Amino acid sequence: MSVDIDTVKRVARLARIKVGDADAERMTGELNAILGFVEQLDEVNIDGVEPLTSVVEQTMKKRTDGVTDGGYAADITRNAPVSEDNFFMVPKVVE
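Here goes a summary of the coordinates provided. Per chain, residue numbering runs from 1 following the sequence as it is written. The predicted nature of this model means local features are confined to residues of pLDDT at least 70 and side-chain atom pairs, given and counted, to a pLDDT of 80 or more, with totals for whole chains, interfaces and linings taken over all residues. Computation of side-chain values covers all heavy atoms of the structure but excludes hydrogens and water.

Another aspect to go through is the packing of helix 1 (residues 5–14) against helix 2 (residues 21–42). Running from N to C, helix 1 and helix 2 point in directions that differ by 105°, and their axes come no closer than 9 Å. The angle between helix 1 and helix 2 falls in the class roughly perpendicular. Each of Ile-5, Val-8 and Lys-9 in helix 1 lies in contact with helix 2, whose residues at this interface are Asp-21, Ala-24, Glu-25, Met-27, Thr-28 and Leu-31. The residue inventory of the contact of helix 1 with helix 2, partitioned by class, reads 5 nonpolar, 1 polar and 3 charged. Convention adopted: a line fitted to C-alpha atoms gives each axis, helices being fitted over their contacting stretch, and angles between N-to-C directions are expressed from 0 to 180 degrees. Strands are runs of DSSP state E lasting at least two residues, helices are runs of H or I lasting at least four, and both sets are numbered from the N terminus onward. What sets the label is the angle itself: under 35 degrees gives roughly parallel, over 145 gives roughly antiparallel, 65 to 115 gives roughly perpendicular, and the rest give oblique. Whether two residues are in contact is decided by their heavy atoms, any of which lying within 4.5 Å being enough. Polar here means any residue outside two lists: the nonpolar Ala, Val, Leu, Ile, Met, Phe, Trp, Tyr, Cys and Pro, and the charged Asp, Glu, Lys and Arg; Gly therefore counts as polar.

This is how it looks when you write it as structure tokens:
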């Protein structure tokens, strides 16, 4: 894939970046070099290679899944105007 000056100017307009003719000429060469490198990466054989989240083997730090607070539902709903089975009761607002 090759990028020409018109493509550079169109992308710059879409990105709302002001690019002059001299800058567009320079950017054309730079973008073509980048796209050439990406094409080289497409040629690499990656069959059997698993994706990595890190280059260093590590395990996730996990905390124990335990209740650290709770058992206060009756205390919380005590001041509610209307409650039932430790749930707040509210008037129906949608018919």
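This part is about the pattern of salt bridges. By salt bridge we mean one thing: a side-chain nitrogen of Lys or Arg within 4 Å of a carboxyl oxygen of Asp or Glu. A complete count under the given rule lists 4 salt bridges for this structure. With a closest N to O distance of 3.6 Å, Asp-23 and Arg-26 form a salt bridge. With Asp-23 and Arg-26 both in helix 2 and 3 residues apart, the pair spans about one turn of that helix. Under the relative-accessibility criterion, Arg-26 is labelled partly exposed at 43%. The partner of Arg-78 in a salt bridge is Asp-75, with the nearest N and O atoms 2.7 Å apart. Each residue's exposure class comes from its accessible area (1.4 Å probe, protein chains only) as a fraction of the maximum for that residue type: buried when under 20%, exposed when over 50%, partly exposed otherwise.

All right, on to a nonpolar patch on the surface then. Within the patch definition used here, like charges are joined within 9 Å and nonpolar side chains (Val, Leu, Ile, Met, Phe, Trp, Tyr) within 5 Å, considering only residues with over 30% relative accessible area and no salt bridge. To be clear on the numbers: accessible area is Shrake-Rupley with a 1.4 Å probe, and residue cover counts the displayed protein chains and nothing else. A surface patch of nonpolar side chains, about 740 Å² in accessible area, is lined by Leu-31, Ile-34, Phe-37, Val-38, Leu-41, Val-44, Ile-46 and Val-49. The residue Val-49 is located in the loop between helix 2 and helix 3 (73–77) in this model. Judged by its relative accessible area of 57%, Val-49 is exposed.

Within the secondary structure layout, Thr-77 lies in helix 3. Distance and chemistry together define a polar contact, namely a pair of N or O atoms within 3.5 Å, with one atom able to donate a hydrogen and the other to accept it when in protein, and with adjacent residues in sequence counting only for side-chain atoms on both sides. At 2.9 Å, the side chain of Thr-77 and the backbone oxygen of Ala-73 are in polar contact.

Just distances and angles here, no functional claims.
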